[in-house]
Amino acid sequence: EPEVTQTPSHQVTQMGQEVILRCVPISNHLYFYWYRQILGQKVEFLVSFYNNEISEKSEIFDDQFSVERPDGSNFTLKIRSTKLEDSAMYFCASRDLSTLYGYTFGSGTRLTVV
Amino acid sequence: LAKTTQPISMDSYEGQEVNITCSHNNIATNDYITWYQQFPSQGPRFIIQGYKTKVTNEVASLFIPADRKSSTLSLPRVSLSDTAVYYCLGGRGRDDKIIFGKGTRLHILP
């Protein structure tokens, strides 16, 4: 079964540092998403990406965040200057044109900001 | 996007059938109902999706009455490994982004 792959599985960074979270979506999927989940809380939408541009973003996705699909296979989330409250699980997801089979989520990257 | 309401938590025992009901009173005509499962420290996983009546796959069944104001996810003969959070989602928002609620935390006991 095709998978969405995320790396690294766990990242520890110092406050103020930049981090890049990486995702390899399923190859024939066209829509890409980032979500985050703070420990003990619900999964929150960050951003959706289609046709090489952001199609929608949430209030959480402020100027500190950016996404990129640099080479047609990877999909990255960059946090420019991390804050303590950015500590969370970050999930990448992708889907194809049809939503009949839902989204496929990756296993996530646990980001810990110290 | 349809607003959904589901129980915060449920307990059941191994071997039992578990039914989780979700209310979605304002579901739109072209909305589907989708259920996801999330294990601790993992991403959500698509379980099943339906529009009306009954849908069954190898994991679960989904029952949707004619008025579509609610749906029931049925898990047959649960095991300890079915302990997870189950999310009911309705809608086809712009770009079909998913908005998760708090879900139902299902705890299976031996």
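These lines cover the structure that appears in this document, whether it is placed above or below.

Cut-offs and rules
Residues numbered from 1 in each chain as written. Chains lettered and ligands numbered in written order. Predicted model: local features only at pLDDT ≥ 70, side-chain atom pairs only at ≥ 80, totals over all residues. Heavy atoms only, no water. 1 Å grid on protein atoms, 1.4 Å probe; cavity = no way out; pocket = protein on both sides within 12 Å on 5 of 7 lines; lining within 4 Å. Points joined across faces, edges and corners; volume = space filled by probe spheres on them. Helix = DSSP H or I, 4+ residues; strand = E, 2+ residues; numbered from the N terminus. Nonpolar A, V, L, I, M, F, W, Y, C, P; charged D, E, K, R; others polar. Polar contact = N/O pair within 3.5 Å; in protein donor to acceptor, adjacent residues only side chain to side chain. Contact = heavy atoms within 4.5 Å. Buried area = accessible area lost by both parts, 1.4 Å probe. Salt bridge = Lys/Arg side-chain N within 4 Å of Asp/Glu carboxyl O. Pairing = 2+ DSSP bridges. Axes fitted to C-alpha atoms, helices over the stretch in contact; angles between N-to-C directions. Disulfide = S-S within 2.5 Å. Buried < 20%, exposed > 50% of the residue type's maximum accessible area, 1.4 Å probe, protein only.

**Digging into the layout of surface pockets**
And then number 1: When its volume is computed, the largest pocket comes out at roughly 920 Å³.
And then number 2: If you trace the largest pocket, you find 35 residues lining it, with A:E1, A:Y103, A:T104, B:R45 and B:F46 closest to the centre.
And then number 3: With 5 residues, strand β4 (residues 45-50) of chain B is the single largest residue contributor to the lining of the largest pocket.
And then number 4: A class-by-class count of the residues in the lining of the largest pocket yields 15 nonpolar, 15 polar and 5 charged.

**Notes on the side chain of A:T82**
All names here are of chain A.
And then number 1: On the secondary structure map, T82 appears in the loop between β8 (75-79) and β9 (88-95).
And then number 2: Within the structure, the side chain of T82 is placed 3.2 Å from the backbone oxygen of Q14, a separation counted as a polar contact.
And then number 3: Dropping the residues within four chain positions of it, T82 is found in contact with T13, Q14, M15, G16, Q17, V19 and V113.

**Topic: the interface of chain A and chain B**
And then number 1: On the side of chain B, 20 residues touch chain A, which itself brings 22 residues to the contact.
And then number 2: Taken together, both faces of the contact between chain A and chain B bury some 1800 Å²; the carbon and sulfur share is 50%.
And then number 3: Taken together, the connections running from chain A to chain B amount to 0 salt bridges.
And then number 4: Where chain A meets chain B, there are 5 residue pairs in polar contact (both at pLDDT 80 or more).
And then number 5: Where the side of chain A that touches chain B is concerned, the elements lending two or more residues are β4 (31-37), β5 (44-50), β6 (53-57) and β9 of chain A.
And then number 6: Per-element accounting of the side of chain A that touches chain B gives the leading share, 4 residues, to β4(A).

**Here we look at the sheet that holds strand β1 (residues 5-7) of chain A**
Residues and elements named next belong to chain A.
And then number 1: Pairing is antiparallel across the open sheet formed by 4 strands, whose spatial order is β1-β3-β8-β7. Each edge of the open sheet carries a strand with a single partner, namely β1 and β7 (65-68). Neighbour-to-neighbour, the strand axes of the sheet open up by a mean angle of 20°, direction not taken into account.

**Structural notes on the state of the cysteines**
Chemically, a disulfide is nothing more than a covalent bond linking the sulfur atoms of two cysteines.
And then number 1: Using the criterion set out here, one finds 2 disulfides over all chains in the structure.
And then number 2: Note on cysteine connectivity: A:C23 is disulfide-linked to A:C92, with sulfurs 1.9 Å apart. Between A:C23 and A:C92, the disulfide has an S-S torsion of -65° and is therefore left-handed. Here A:C23, found in strand β3 (residues 19-24), pairs with A:C92, found in strand β9; they are 69 residues apart in sequence, far enough to count as distant. Take A:C23 and A:C92: they sit in the same class, and that class is buried.
And then number 3: A sulfur-sulfur distance of 2.1 Å marks the disulfide that ties B:C22 to B:C88.

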